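Chains, contacts and geometry: an overview
Now for the letters of each chain:
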Amino acid sequence: MLRKGSEMQKKDKEVLLDLDYEGSIKSYGSLQNGSFSAPKSFLDASGDMVDRDSIQIQSKDDINLQMGNFFRDGRTKIDFVLVWETSSQESRQEKERTTNEEGEASTNVELNRPEPKKTRPVQWREKFARNLESAGLLTEKEETTNESRTIHFLKLNVPWEVMVFYAEELSFRAPLQAQPYLDFNYSAHLLRRLCIPNIMLEPVPNRPLDYYTCAFRKSKMENFLGSHDRENFFTNTQRHRVAYEILTRTVYGKRKNAQVGVDRLLNEGVYTAAFPLHEGYYKLPTYGVHPEELNRRQILYQYWARWRNWHKYQPLDHIREYFGEKIAFYFAWLGFYTTWLLPAALVGTLVFVSGLISMNTDTAAKEICNSGGTYLMCPLCNTCKAWNMSDICTMAKIGYLFDHAGTVFFSIFMSFWAISFLEYWKRKMVTLAHHWDCMEFHEEEERPRPEFAAMATMMEPNPVTGVKEPYFPKRTQLSRMLTGSMVIIIMLCVVMIFLVTVVMCRGIITVMMFHTRNHLLQIEAGTIANILSSIVNLCLILLMGRIYTALAEQLTKWEMHRTQTQYENAFIFKVFIFQFVNFYSSPFYVAFFKGRFVGYPNNYGTLFGMRNEDCGPGGCLIELAQQLFIIMVGKQFINNVQEFVIPKVRVWLQKRGVYKVIGAKETVEIHRWEEDYQLVKSEGLFEEYLEMVLQFGFITIFVAACPLAPLFALLNNWVEIRLDAHKFVCEYQRPVAERAQNIGVWLNILEILSHMSVTANAFLIAFTADFLPRLLYKYKFDNELHGYMNFTLAYAPLNYTDYPLCRYKDFRDNNGKYTLFYWELLAIRLGFIIAFEHVVFFVLRAIEWVIPDVPESLEVKIKRERYLAKQALAENHEVLFQGVTAATLGTSGPGQPQILAM
């Protein structure tokens, strides 16, 4: 959204219709009822508040000088910086060639001698710079050099006339009228109504003002607020977008060869970096400073990126103002998701605690522990010995923690939670989209990707613009996509091979434990094997994930997708499909397949000569809980360590290389562009979204096995927000602000996962948990479950001579046939799945009907904004109407009625 400068804020606020929203405005500490109210305290370098009387405030010119975001004249803003490196010898030769170019050119003409040939990168850079100047940009060059290397910086500025032209072409929004802040924070509103202190609320200075806006029109310039303040009418992020737009359109070689745009120059190595500048240092100065005088980067660091803010609301408006809507939507979604994890974590913890309290009251566990040698169990492997049921007393009690009535309730709760979360997020998303003026945003006609332009074999007219662009035959692209799909299938088969390998590894470890003479190892053989195999599985998952992501990137490039959006969607689809199978295949196996194909004595099922796995003593849910804990929590821990360490190492390596040229930090003044060049390029949001979406799948699809999963996710997300915020504010070069209406294709993936979670939880409760068998036994035999354990154990067939009359867990008769109870239970299980899914999806439709995507208060604001836009963009209807009236009066004859202007 367009905004005006700080000098115009007081004047513009005088046009407010109503500013009686004192609480909301005061909460940001700067404005109340249209006037500035200076706080009584200030921030020192450590972020602590000190009295304002002891502080000397800097002038605006001093702050601008320290920020270093200007040309040498101190007035012209730097909107973008291009960087390239050369050897010092090449730099001297280039300077000499430039200095003598005119004289040598005339001499070469007189002597008929060819000019010295420049290298291709030099030619492209020079032509690119000339074309940028022809496009209207102002340029200024800086150099930093030592004996061996020179770093060149080309600073770019977009003048007013160019900004006005592109603002209309790119459909920027312009402010018509300031308005009170709408309270989008429902939790703060609820706590305020309940008179509960809100520790999450913290005043953040310089909150961006909110406006009624409309599409920018040059012809209606006088109708927009602050339009006469040319220096501050456009925001810095808008200036960056226009500069980047020009950079991506500018030709550097031959247009017919698609030699266009800075992105391709970066890929070719002609430039080493291209970025907009951060707005000064992120650390507070050593002297005290007024909070209102902090630059935007310092505000984000002080009130968002620091670890002490882990329990505070995120300043989303500030994030959007500094980084753009696309990044702001990611942090808005992550914060919203983390907030919704609070009730899920609370309920899950209560369910787990209730299981702990009632663990010793479980009748089935008591029967196991008190059975002694009553139940002689059949051997678990071909070379193992029989064992007593009472040996697994401890595991039976622990298994109750993950398989009791509370976990069933929690599964149902999380199914409703998942679909409700997405419905309320859609509502929040629409509210933010309108608040950030991107509700009616549509992607412009995208240009071809630089890689596509470089590798395309043909040139064809664009059907929309008519301009010739690189073209790749659709038939060839389709064949490549089919080939890529086959590669994906092959990689998925590799994942399944690894899964079978892990299963066999678990079986081998179990047999090895049984053959030891240690009684404890024999009892806990299944648990030890499951934990060790889960750790091995996690390592294979992470390894395969890295390999496939690199492979998917190359496959997606090879498929020759024309636009960046098509490329990103194809890449996201490939990686998510693979990572879904990669991460969830093992939990799916344990939850739905393990123990289903075991068979019975004398008729055991086998795989590669090994007996099929059966569930451990505590049941399959406890094994699933172990896998979830190791895979989900282990992955989160490793990712957080990587996110904390890797950016710092990369920044250190980058600074080390730059310091060799610019000198020691303590002795040389470092300019803003040099400081930002030492940072690393932003890697985008793909990995961040992927990590959170996979986590969402873990806590919704398999939550029946681990009620504490939402708690672990909540703790991880508190860390994740600060890590990501610190990276973007302190360690990444400032990315170009991108507009967006939502979180893109990730919303569709989340909806698929939420619907899958309903089905998965229904099957977990019906087939994996012991809830329905116990319920049916209560109904048919004993309400207190007395004798239930004996009822679930079948006798070995009479022809089994190794251990006659040994027991195994199944509903079979002495001949190995299923009993009537089994078929009754199967019917109940299938009926439960159908009823569960229908109830949940019916409630989902009811929620969609009851909760509109657009809140009523927002509808009023939209109507008001459309009315103001209509008034601002309409032609001068009064003058037009008067002209029509005068013409009518002039042509009307005697006795004819005259039209009067009302």
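All residue numbers refer to positions counted from 1 along the written sequence of the respective chain. Per-residue local features of the predicted model are confined to residues with pLDDT of at least 70, and side-chain atom pairs are confined, for both listing and counting, to 80 or more; whole-chain, interface and lining totals are unaffected and use all residues. Each side-chain value is worked out from all heavy atoms of the structure, with water and hydrogens disregarded.

1. Re the overall build of the chain
- Secondary structure elements are defined from DSSP: runs of H or I of at least 4 residues count as helices, runs of E of at least 2 residues count as strands, and each element is numbered from the N terminus. Of regular secondary structure, the chain possesses 31 helices and 20 strands.
- A 1.4 Å probe rolled over the protein chains alone gives each residue an accessible area, and that area as a share of the maximum for its type sets the label: buried under 20%, exposed over 50%, partly exposed in between. Within the chain, the fraction of its 902 residues that count as buried is 52%.
- In what follows, a contact means two residues having at least one pair of non-hydrogen atoms within 4.5 Å. In the chain, the proportion of contacts linking residues at least 24 apart, taken out of those at least 6 apart, comes to 75%.

2. Examining the sheet that holds strand β5 (residues 80-87)
- The 4 strands are arranged β6-β7-β5-β10 in an open sheet whose pairing can be described as antiparallel. Unpaired on one side and paired on the other, β6 (138-145) and β10 (273-275) mark the two borders of the sheet. Here the average twist between neighbouring strands, direction ignored, is 20 degrees.
- Sheet topology places β6 next to strand β7 (residues 149-157); 8 bridges connect them, and they run antiparallel. The residue bridging Lys 141 from the neighbouring strand is Leu 154, located in β7. Strand pairing is defined by DSSP finding a minimum of two bridges between the two strands. Only the contacting stretch of a helix is used when fitting its axis, a line to C-alpha atoms as for every element, and angles between N-to-C directions run 0 to 180 degrees.

3. What to know about helix α12 (residues 316-323)
- Summarising burial for α12: 8 of the 8 residues are buried, a large majority.
- If you check which residues of α12 are buried, you get Leu 316, Asp 317, His 318, Ile 319, Arg 320, Glu 321, Tyr 322 and Phe 323.
- Against the buried residues of α12 lie α9 (236-249), α11 (296-305), α13 (325-357), α16 (405-435) and α25 (709-731).
- Just downstream of α12, Gly 324 is the residue with a positive phi angle, here 95 degrees.

4. Notes on the confidence of the model for the chain
- Per-residue confidence for the chain gives a mean pLDDT of 80; residues scoring 70 or more make up 83%.
- Per-residue confidence from the prediction method is given by pLDDT, with values spanning 0 to 100. Ranking the elements of the chain by mean pLDDT puts strand β1 (residues 31-32) last with 31 and β10 first with 94.
- Taken together, the stretch residues 50-66 has pLDDT below 50 and engages in 28 contacts with residues farther than four places along the chain or on a different chain.
- The low-confidence segment residues 876-902 (pLDDT under 50) makes 9 contacts with residues lying over four places distant or belonging to another chain.

5. Section: the side chain of Arg 427
- Among the secondary structure elements, Arg 427 is positioned in helix α16.
- If near-sequence neighbours (up to four positions away) are discounted, Arg 427 is found in contact with Tyr 186, Ile 851, Pro 852, Asp 853 and Pro 855.

6. A short note on the packing of aromatic side chains
- For Phe, Tyr and Trp, where Trp contributes only its six-membered ring, two rings pair if their centres lie within 6.5 Å, and the inter-plane angle classes them as stacked under 30 degrees, edge-to-face over 60, or tilted in between. Scanning the entire structure with this criterion turns up 65 aromatic pairs.
- Seen from their ring centres, Tyr 777 and Tyr 788 are 5.3 Å apart, and the 70 degrees between their planes marks the pair as edge-to-face. You can see Tyr 777 sitting in helix α27 (residues 771-780) and its partner Tyr 788 sitting in helix α28 (residues 788-791), a full 11 residues away along the chain. Note on accessibility: Tyr 777 and Tyr 788 belong to one class, buried.
- In our convention, an over-ring charge means Lys NZ or Arg CZ found within 6 Å of a ring centre and within 35 degrees of that ring's normal. The ring of Phe 644 has Lys 648 lying over it, and the distance from NZ or CZ to the ring centre is 5.1 Å.
- Arg 812 extends its terminal NZ or CZ atom over the ring of Tyr 818, reaching a point 4.2 Å from the ring centre.

7. Re the packing of helix α21 (residues 564-592) against helix α24 (residues 686-701)
- The interhelical angle for the contact between α21 and α24, taken along N-to-C directions, is 35 degrees, at an axis separation of 11 Å. Crossing of α21 against α24: the hand is right-handed. Two secondary-structure elements touch here, α21 through Phe 571, Ile 572, Val 575, Phe 576, Gln 579, Phe 583, Tyr 584, Pro 587 and Phe 588 and α24 through Phe 686, Leu 690, Val 693, Leu 694, Gly 697, Phe 698 and Ile 701. By definition, any crossing whose near helix is turned counterclockwise from its far helix by less than a right angle is left-handed, and any crossing with a clockwise turn is right-handed.

8. Regarding α24
- Each residue after the first adds 1.5 Å to the expected span of a helix. Taking 1.5 Å as the rise per residue, α24 with 16 residues should run 22 Å; its terminal C-alpha atoms sit 22 Å apart, in good agreement.
- Burial analysis of α24 places 15 of its 16 residues in the buried class, which makes it a mostly covered element.

9. Some points on the packing of α13 against α25
- At a minimum axis separation of 8 Å, α13 and α25 run at an interaxial angle of 160 degrees. It follows that α13 is roughly antiparallel to α25 by the angle criterion. Seen from above, α13 lies across α25 with left-handed handedness. Residues Ile 327, Tyr 330, Phe 331, Leu 334, Gly 335, Tyr 337, Thr 338, Leu 341, Leu 342, Ala 344, Ala 345 and Thr 349 of α13 pack against Pro 710, Leu 711, Ala 713, Leu 714, Asn 717, Trp 718, Glu 720, Ile 721, Asp 724, Ala 725 and Phe 728 of α25.
- Residue composition of the contact of α13 with α25, by class: 17 nonpolar, 4 polar and 2 charged. Angular relationships are summarised with four words: roughly parallel below 35 degrees, roughly antiparallel beyond 145, roughly perpendicular across 65 to 115, and oblique for the angles in between. Three classes are used: nonpolar for Ala, Val, Leu, Ile, Met, Phe, Trp, Tyr, Cys and Pro, charged for Asp, Glu, Lys and Arg, and polar for all others, with Gly counted as polar.

10. Here we look at the pattern of salt bridges
- Every case where a carboxyl oxygen of Asp or Glu lies within 4 Å of a side-chain nitrogen of Lys or Arg is listed as a salt bridge. Within the structure shown, the criterion is met by 35 salt bridges.
- A salt bridge links Glu 161 to Arg 230; its shortest N-O distance comes to 4.0 Å. Residue Glu 161 is located in helix α7 (residues 160-169), and its partner Arg 230 is located in the loop between β9 (210-215) and α9; the two are separated by 69 residues in the primary sequence.
- Taking the shortest distance from any N to any O, the salt bridge between Glu 568 and Lys 326 comes out at 4.0 Å.

11. Digging into the side chain of Thr 237
- Here Thr 237 is to be found in helix α9.
- Those residues in contact with Thr 237 that lie beyond four places of it in its chain are Glu 321, Tyr 322, Arg 734 and Ala 737.

12. Looking at the nonpolar core
- Counting residues in hydrophobic clusters, the biggest one holds 110 residues, and the most contacted among them are Phe 329, Trp 333, Tyr 337 and Trp 417.
- Listed in part, the 40 residues of the second largest apolar core include Leu 82, Phe 128, Met 163 and Leu 265. What we call a nonpolar core is a set of buried Ala, Val, Leu, Ile, Met, Phe, Trp, Tyr and Cys residues that are connected through their side-chain atoms within 4.5 Å.

13. Quick look at unusual backbone geometry
- In this structure, Met 560 takes a positive phi of about 60 degrees despite not being glycine.
- Assignment of secondary structure puts Met 560 in the loop between α20 (525-558) and α21.

14. Looking at the environment of Cys 493
- Along the polypeptide, Cys 493 turns up in helix α18 (residues 474-514).
- Classification of Cys 493 as partly exposed rests on a relative accessible area of 43%.
- Taking C-alpha positions, Cys 493 is 9.9 Å from Val 581, a pair spaced 88 residues apart along the chain.

15. Some thoughts on the state of the cysteines
- Working definition: a disulfide is two cysteine sulfur atoms within 2.5 Å of each other. What the rule picks out here adds up to 3 disulfides.
- With a sulfur-sulfur separation of 1.9 Å, Cys 369 is cross-linked through a disulfide to Cys 393. Between Cys 369 and Cys 393, the S-S torsion sits near 90 degrees, and that sign places the bridge as right-handed. Residue Cys 369 is located in helix α14 (residues 363-369), and its partner Cys 393 is located in helix α15 (residues 393-401); the two are separated by 24 residues in the primary sequence.

16. Overview of a nonpolar patch on the surface
- Side chains of Trp 307, Phe 637, Val 641, Phe 644, Val 645, Val 649, Trp 652, Leu 653 and Val 719 sit close together on the surface and give an oily, nonpolar patch of about 850 Å² of accessible area.
- Per element, the largest residue contribution to the nonpolar patch is 7 residues, and it comes from helix α22 (residues 620-662).
- If you trace the backbone, Trp 652 turns up in helix α22. Like-charged residues are merged into a patch within 9 Å and nonpolar side chains (Val, Leu, Ile, Met, Phe, Trp, Tyr) within 5 Å, provided each residue has over 30% relative accessible area and no salt bridge. Accessibility throughout is a Shrake-Rupley quantity obtained with a 1.4 Å probe, and a residue counts as covered only by protein chains that appear here.

17. Structural notes on the environment of Leu 380
- Relative to the elements of secondary structure, Leu 380 occurs in the loop between β11 (376-377) and β12 (387-388).
- Judged by relative accessible area, which is 42%, Leu 380 ranks as partly exposed.
- Placed 233 residues apart in sequence, Leu 380 and Glu 613 show a C-alpha to C-alpha distance of 9.0 Å.
- Setting aside chain neighbours within four positions, we find Leu 380 in contact with Trp 387, Phe 514 and Arg 611.

18. Thoughts on the environment of Glu 675
- Along the chain, the position of Glu 675 falls in helix α23 (residues 672-677).
- Its relative accessible area of 14% is what places Glu 675 among the buried residues.
- Beyond its immediate chain neighbours, meaning those up to four positions away, Glu 675 contacts Tyr 281 and Ile 670.

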